[in-house]
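These are the residues of each chain, in order.
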Amino acid sequence: MHFIEEPGRFFPNDLQGDLMAELTYQPSEDGKVWVIDHTFVRGDQRGKGIAKELLDTAVQAARDRSIKVKPLCTYARTQFMKHPEAYADVKA
């Protein structure tokens, strides 16, 4: 799936241009940490692994930029706890 990146968010749109899912983050004042504060998946898209793909895309973007990630929203925090080895290098 292709995700669009804009400042503070990653998201995919469907073929009609409607939002399917979204992950948002707030950068720290110094820009060295992204605080993931919200993950959303539209009802008809749930259960397809989109939230995990969004999280992994955001985490990889942070890795590529040497930015740490603080998982504040419930979904991101749960994934960081369930899979600490996958996120240890970026966890703030």
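Preceding block: the structure.
Residues numbered from 1 in each chain as written. Predicted model: local features only at pLDDT ≥ 70, side-chain atom pairs only at ≥ 80, totals over all residues. Heavy atoms only, no water.

1. Remarks on the packing of aromatic side chains
Okay, step 1: Going through the model one piece at a time under the given rule, you end up with 4 aromatic pairs.
Okay, step 2: Consider the rings of F10 and Y25, whose centres lie 6.1 Å apart with planes at 35 degrees: the pair is tilted. Highlighted residues: F10 in strand 2 (residues 9-11) and Y25 in strand 3 (residues 21-27), separated in sequence by 15 residues.
Okay, step 3: Exposure remark for Y25: the relative accessible area of 6% places this residue in the buried category.
Okay, step 4: Pairwise contacts between aromatic rings join F10, Y25 and W34 into one cluster.
Okay, step 5: Over the aromatic face of F11 sits the side chain of R9, whose NZ or CZ is 3.8 Å from the ring centroid. (Phe/Tyr/Trp six-rings, centres within 6.5 Å; stacked < 30°, edge-to-face > 60°. Helix = DSSP H or I, 4+ residues; strand = E, 2+ residues; numbered from the N terminus. Buried < 20%, exposed > 50% of the residue type's maximum accessible area, 1.4 Å probe, protein only. Lys NZ or Arg CZ within 6 Å of the ring centre and 35° of its normal.)

2. A look at helix 1 (residues 50-64)
The periodicity of an α-helix, 3.6 residues per turn, causes residues three or four places apart in sequence to face the same way.
Okay, step 1: Helix length check: helix 1, at 15 residues, gives a terminal C-alpha distance of 21 Å against a target of 21 Å (1.5 Å per residue), a fit within 8%.
Okay, step 2: Buried residues of helix 1: I50, A51, L54, L55, A58, V59, A61 and A62, and no others.
Okay, step 3: Considering only its buried residues, helix 1 is in contact with strand 2, strand 3, strand 4 (33-41), strand 5 (68-71), helix 2 (74-82) and helix 3 (84-87).
Okay, step 4: One or two positions beyond helix 1, positive phi appears at S66, with a value near 55 degrees. (Expected span 1.5 Å × (residues − 1). Contact = heavy atoms within 4.5 Å.)

3. Considerations on the pairing of strand 4
Okay, step 1: Here 7 bridges tie strand 3 to strand 4, and the two strands are oriented antiparallel to one another. Bridging across to strand 4, Y25 finds its partner in I36.
Okay, step 2: For strand 4 and strand 5, the ladder comprises 4 bridges, and the chain directions are parallel. Across the sheet, the residue bridging to I36 is P71, located in strand 5.
Okay, step 3: Read as a crossover between parallel neighbours, the route from strand 4 over helix 1 to strand 5 is right-handed. (Pairing = 2+ DSSP bridges. Right-handed = clockwise from strand over helix to strand, strands pointing away.)

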